[in-house]
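Each chain, letter by letter, is given below.
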2 protein chains.
Amino acid sequence: MSDSRVINFGAGPSALPESVLKKTAEALFNFNGTGMGIAEISHRSKEFGAYIANCEALIREQLQVPPTHEILFTQGGGTGQFSAIVLNMLARHHLLYPELDDEHRSMDYVITGSWSKAAAEEAKRLGAGNLHIAVDARVYSKDGKSFDNIPPHGAYKFSSHDPALIYYCENETVNGVQFAKDETSPTSFPFHLFPKGKLLPLVADYSSSFMSRPIPRLADHAVIYAGAQKNIGPAGLTILIVRQDCIVDVDAAAKLGAIPVPLMVSYKTLAAKKSLHNTPPVLAIYMAGLVLERNKELGGVEYYAAVNQRKANKVYGALREGEISRVFRGLVNEGSGSIMNIVFEVLGDGAEARFLSGAEQLGMKGLKGHRSVGGIRVSLYNAISEEQTDKLVSYMQEFISQETNRS
Amino acid sequence: MSDSRVINFGAGPSALPESVLKKTAEALFNFNGTGMGIAEISHRSKEFGAYIANCEALIREQLQVPPTHEILFTQGGGTGQFSAIVLNMLARHHLLYPELDDEHRSMDYVITGSWSKAAAEEAKRLGAGNLHIAVDARVYSKDGKSFDNIPPHGAYKFSSHDPALIYYCENETVNGVQFAKDETSPTSFPFHLFPKGKLLPLVADYSSSFMSRPIPRLADHAVIYAGAQKNIGPAGLTILIVRQDCIVDVDAAAKLGAIPVPLMVSYKTLAAKKSLHNTPPVLAIYMAGLVLERNKELGGVEYYAAVNQRKANKVYGALREGEISRVFRGLVNEGSGSIMNIVFEVLGDGAEARFLSGAEQLGMKGLKGHRSVGGIRVSLYNAISEEQTDKLVSYMQEFISQETNRS
């Protein structure tokens, strides 16, 4: 099968390990000796019950999720969570502070790219609480309008009273900016700005970086969520890590004036039945479980942190070479670049098309940038190997010399 | 592969055709010659765009969906729709009748089993509008408390003013009752009670009977929805047929006092981007497409209507034999029985366990009734062949003579 397959540098849905695809192809006919395929077996069977419990254990172990946090499986992707976090966290705020009016239920959003911008728009659209932009990275961009940076720590203006939520997107898939993992870095998330010893209402979208490296300050988060279709599995599965104080009685909150929360959007429904209130996406969870097992064998998030950093360094290295030769132009400031999604332009008339078609001839696909940004985007999720990355890097170098010779 | 597989009479997730599993196993590595697997390809690729458009066309053709209705693909299952229908249909009502208070926004529910009861509870829980039980089948049951019947036409009391929605569940998976497809039957849904020439706010849950036979009066429905995991595909995909006047501006409605609708719950979001506002469950849609292609080859819903009726007649026949011998007892009134899920008890000490273990020895699984009803449940979804049904029927007959000889 391998021969006919391309290298998929797409931003998501994206490449999965071939070993996972092979096991899935077998399990479609017979899951764990049950005589039923994994797409056919009841979610209430003891075999699947054991499987989903193991998925949870694998995540808990690999990310060191403390017992204060539940791990939940749901549907609807990151976009579904844009609404869910607002509704659940506002419900929590109503229960904590029943007397406040909406104006004093601040929702602090850190805007660093298309996805955090969309999340903030949904908070505003839902129309309760008070959307507060803690920082907008465009203000700190080279041209005053691009998402090309992680702002400096001094730029953040969080609400002084207890906000209902504080939101950030750890890795911006479209724009290719990511918070640094090292807290001493000027492009890290400014955890130090928050008071210590408080249960922070900190919400993070980890959709495109989940399981690619350890999560800094995981225990300080109220909610971490991730669509599966980048590093974990197929589209149609969303993984949540929710601190227990954020799993609240949304009906009691609605009686106090919070927005009524649809049953499946409520973290309480999900947690009460261990993600089995209704039929979960069994097949997607199965594939995610295989990926998590493979991660464990390879060495977990520490292994991926090292490999992914090396992969990114190599691509950024080729990009810098191309910048010197004026063949490429990076779209993100130094220190703000994502290790998962690297975005750049190919300079010169028709050069982008030449770059893409040359890559395609070598069996490398999915390199076209997001329609809102243009250019090239290289997505280096966990399933992309170092060897595959090397092939791209060689091609980038070859392309640089070709283009240099043209001019 | 076939040898190791059991016959899966489970209620869902449930059996899928082996030809569909085989094609899926191949497409996991390479979808339509793209060199990428179906779980890895972008939902925005032209190949997947063409595929989902074809899925829509197949449903439209097979169910004769008129151009007044959109076909949408989403996530969250039937339970997700319990909330979505309330929020979208109340929003529509607010736009139609902005001046009314909640008390006059009636939501008429027809309760015939566990699932319609759960849907009504969600309507009540969301706390706006006025839940009106048009009929509760338990009132017409033999013991006054069971869901064992479809009530007579005279039993329905719909709201006289325009309700926000009128809800029924076509087939009750847990209880095994289903509306008759023939409108002249006393156990059909009473379409004739509604005024002609009006756009009815009629909502139907078709989760466990979708694509098993034609949908009576499809064009009169506001919303028809179905989780895929019974007759169509794996869990994690929900199919909607929505009349265009029910795709409303939920934000405008919220300004008039309707409950704010989360982005992914809004039919407007789904319809505006042709189910591609966010990443859809690509793999599940692929498998559903394969099932729909196979349906077409076999002869569509007319083919299944005939086969499914024959399969059900055979099982009900064996059940009647067992009732005469006092080995089985049906749990549903004559004329109300589902052709998809047939529920009955096995009489006598330890007899149920004997029935289940004997079936399992013959490679037939998933026959245990729902925990709330007990007994046996035989699910005869499209993927269960007539031959597989015959095997069960033979076993039922053999079991009857064994049990008769015991006593």
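Note that this is a predicted model, so its numbers are computed, not measured.

It is worth spelling out the overall build of chain A at this point. The helix and strand inventory of chain A stands at 10 helices and 14 strands. Taken over C-alpha atoms, the radius of gyration comes to 22 Å for chain A, in line with the 22 Å a tight globule of 407 residues would show. When the backbone C-alpha atoms are referred to their principal axes, chain A occupies close to 70 × 60 × 35 Å. Excluding contacts between residues fewer than 6 apart, the proportion of contacts in chain A whose partners are at least 24 apart in sequence is 70%.

On to the domain arrangement of chain A. By a frequent convention, interface size equals the accessible area lost on bringing the separate parts together. Residue and element names in this part refer to chain A. One can read the domain layout of chain A as domain 1 (46–297) and domain 2 (300–406). Measuring from the centre of the C-alpha atoms in domain 1 to the corresponding centre in domain 2 gives 29 Å. Listed by partner, the interface residues are 28 residues for domain 1 and 25 residues for domain 2. Around 2100 Å² of area is buried between domain 1 and domain 2 when both sides are counted, 47% of it from carbon and sulfur atoms.

Of all hydrophobic cores here, the largest spans 132 residues; its most connected members are Ile38, Leu63 and Phe210 of chain A together with Leu28, Ile38, Leu63 and Phe210 of chain B. In this structure Leu63 of chain A touches Phe210, Met211, Arg213, Ile215, Leu218, Ile241 and Val301 of chain A, once residues within four positions along its chain are discounted. Formed by 82 residues, the second largest nonpolar core is a distinct cluster that contains Ile85, Leu87, Tyr109 and Tyr225 of chain A.

The operation relating chain A to chain B is a screw motion whose rotation component is 180°, with 0.0 Å of axial translation and a residual RMSD of 0.0 Å. The superposition of one copy onto the other is thereby described by a two-fold rotation axis. Closest to the rotation axis within chain A is the C-alpha of Ala25 of chain A, separated from it by 2.2 Å. Both copies contact each other with a shared surface, as 98% of the interface residues of chain A are interface residues in chain B too.

Let us now look at the state of the cysteines. All names here are of chain A. For the coordinates displayed, the defined rule picks out zero disulfides over all chains. The thiol of Cys246 is unpaired, and the distance to the nearest cysteine sulfur, on Cys169, comes to 19 Å. Assessed through its relative accessible area of 0%, Cys246 is described here as buried.

Either a parallel or an antiparallel arrangement is found when strands of a sheet pair, and the pairing is made through backbone hydrogen bonds. All names here are of chain A. A sheet is described by the order of its strands in space; here three strands give the open sequence E11-E12-E14, paired in antiparallel fashion. At either margin of the open sheet sits one strand with a lone partner, and together these are strand E11 (328–330) and strand E14 (376–379). When strand polarity is set aside, the average angle formed by the axes of neighbouring strands in this sheet is 35°. Two strands pair when backbone bridges link them, and E11 and strand E12 (residues 341–346) are joined in this way by three bridges, in the antiparallel orientation. Directly across from Gly330, in E12, lies its bridge partner Phe344.

Tallying the contact residues gives 61 residues for chain A and 60 residues for chain B. Together chain A and chain B conceal approximately 4900 Å² of surface at their shared face, both sides included; 62% is due to carbon and sulfur atoms. On the chain A side of the interface with chain B, the three residues burying the most area are Phe29, Glu40 and Arg125 of chain A, jointly 15% of the side's total. At the boundary of chain A and chain B, one finds four salt bridges. Where chain A packs against chain B, one counts 30 residue pairs in polar contact (both at pLDDT 80 or more). Elements that contribute at least two residues to the side of chain A that touches chain B include exactly helix H1 (18–27), helix H3 (77–96), helix H4 (114–126), helix H5 (250–255) and helix H7 (282–298) of chain A. A per-class count over the side of chain A that touches chain B returns 28 nonpolar, 23 polar and 10 charged.

With that settled, consider the packing of H7 of chain A against helix H8 (residues 300–324) of chain A. A pair of packed helices is captured by two measures, namely the crossing angle of their axes and the spacing between those axes. Residue and element names in this part refer to chain A. Look at H7 against H8: their axes get within 7 Å of each other, and the N-to-C directions meet at 75°. In terms of orientation, H7 lies roughly perpendicular with respect to H8. Of H8, the residues touching H7 (which contributes Arg294, Asn295, Lys296 and Leu298) are Gly300, Tyr303 and Tyr304. Grouping the amino acids of the contact of H7 with H8 by side-chain chemistry returns three nonpolar, two polar and two charged.

Here the focus is the pattern of salt bridges. Applying the stated criterion across every chain, the model contains 50 salt bridges over all chains. Linking Lys314 of chain B and Asp390 of chain B is a salt bridge whose minimum nitrogen-to-oxygen distance equals 2.8 Å. A residue pair is termed long-range when its members are at least 10 positions apart, and Lys314 of chain B in helix H8 (residues 300–324) and Asp390 of chain B in helix H10 (residues 386–406) qualify at 76 residues. For Lys314 of chain B, a relative accessible area of 30% corresponds to the partly exposed category. Judged by relative accessible area, Asp390 of chain B falls into the partly exposed class, the value being 30%. Residues joined in a network through salt bridges with shared partners are Glu56, Arg60, Glu70 and Lys274 of chain A.

Before going further, it helps to examine the side chain of Glu70 of chain A. All names here are of chain A. Relative to the helices and strands, Glu70 is located in strand E2 (residues 69–74). Side-chain polar atoms of Glu70 contact the side chain of Gln244, separated by 2.8 Å. The residues touching Glu70, leaving out its near neighbours within four places in the chain, are Arg60, Leu240, Ile241, Val242, Gln244, Ile247 and Lys274.

Turning next to the side chain of Glu172 of chain A. All names here are of chain A. Within the fold, Glu172 resides in strand E6 (residues 171–172). Although buried, Glu172 forms no salt bridge, and the nearest oppositely charged side chain, Arg377, lies 8.7 Å from it. Separated by 2.5 Å, the side chains of Glu172 and Ser116 make a polar contact. Setting aside anything within four residues of it in sequence, one finds Glu172 in contact with Thr112, Gly113, Ser114, Trp115, Ser116 and Val177.

It is worth spelling out the environment of Ala57 of chain A at this point. Residues and elements named next belong to chain A. Along the chain, Ala57 turns up in helix H2 (residues 46–63). With a relative accessible area of 38%, Ala57 lands in the partly exposed category. Linking Ala57 and Arg320, residues 263 residues apart in sequence, is a C-alpha distance of 41 Å.

Below, the discussion takes up helix H4 (residues 114–126) of chain B. All names here are of chain B. Compared with the 18 Å implied by 1.5 Å per residue over 13 residues, the 19 Å span of H4 between its first and last C-alpha is a close match. Along H4, the residues that are buried comprise Ser116, Ala119, Ala120, Glu122, Ala123 and Leu126. Projected down its long axis, H4 shows its buried positions confined to an angular sector of 155°, all on one face. Buried-residue contacts for H4 involve helix H3 (77–96), strand E3 (106–111), strand E4 (130–136), strand E5 (165–169) and strand E6 (171–172).

Below, the discussion takes up the environment of His93 of chain A. All names here are of chain A. Tracing the backbone through its elements, the reader meets His93 in helix H3. Taking C-alpha positions, His93 is 9.4 Å from Pro201, a pair spaced 108 residues apart along the chain. In contact with His93, not counting residues within four places along its chain, are Leu100, His104, Arg105, Asp162, Pro163 and Ala164. At a separation of 3.1 Å, a polar atom in the side chain of His93 contacts the side chain of Arg105.

Our next topic: H8 of chain A. Compared with an ideal rise of 1.5 Å per residue, which puts 25 residues at 36 Å, H8 of chain A spans 36 Å between its outermost C-alpha atoms and is within 8% of the ideal. Phi for Arg326 of chain A, located one or two positions after H8 of chain A, is positive at around 60°.

Below, the discussion takes up the pairing of strand E10 (residues 238–243) of chain A. The buried count for E10 of chain A comes to six of six residues, which makes it a mostly enclosed element. Side chains of E10 of chain A alternate between two faces, with Thr238, Leu240 and Val242 of chain A and Ile239, Ile241 and Arg243 of chain A buried alike.

All names here are of chain A. Within the open sheet, the seven strands sit side by side as E2-E10-E9-E8-E5-E3-E4. Their pairing is mixed. Looking at which strands have only one partner, the edges of the open sheet turn out to be E2 and strand E4 (130–136). Going from strand to strand, the sheet's axes swing by 20° on average, the running direction of each strand aside. Its contacts with the sheet place H4 against strand E3 (106–111), E4 and strand E5 (165–169), and it is angled at close to 160° to E3.

Procedures and definitions
Residues numbered from 1 in each chain as written. Chains lettered and ligands numbered in written order. Predicted model: local features only at pLDDT ≥ 70, side-chain atom pairs only at ≥ 80, totals over all residues. Heavy atoms only, no water. Helix = DSSP H or I, 4+ residues; strand = E, 2+ residues; numbered from the N terminus. Rg over C-alpha atoms; globule rule 2.2 N^0.38 Å. Contact = heavy atoms within 4.5 Å. Domains from an automatic or database assignment. Buried area = accessible area lost by both parts, 1.4 Å probe. Core = buried A, V, L, I, M, F, W, Y, C linked by side-chain atoms within 4.5 Å. Buried < 20%, exposed > 50% of the residue type's maximum accessible area, 1.4 Å probe, protein only. Least-squares fit on C-alpha atoms with pLDDT ≥ 70 in both. Disulfide = S-S within 2.5 Å. Pairing = 2+ DSSP bridges. Axes fitted to C-alpha atoms, helices over the stretch in contact; angles between N-to-C directions. Salt bridge = Lys/Arg side-chain N within 4 Å of Asp/Glu carboxyl O. Polar contact = N/O pair within 3.5 Å; in protein donor to acceptor, adjacent residues only side chain to side chain. Nonpolar A, V, L, I, M, F, W, Y, C, P; charged D, E, K, R; others polar. Parallel < 35°, antiparallel > 145°, perpendicular 65-115°, else oblique. Lys, Arg positive; Asp, Glu negative; His and termini not counted. Expected span 1.5 Å × (residues − 1). Arc of directions from axis to C-beta.

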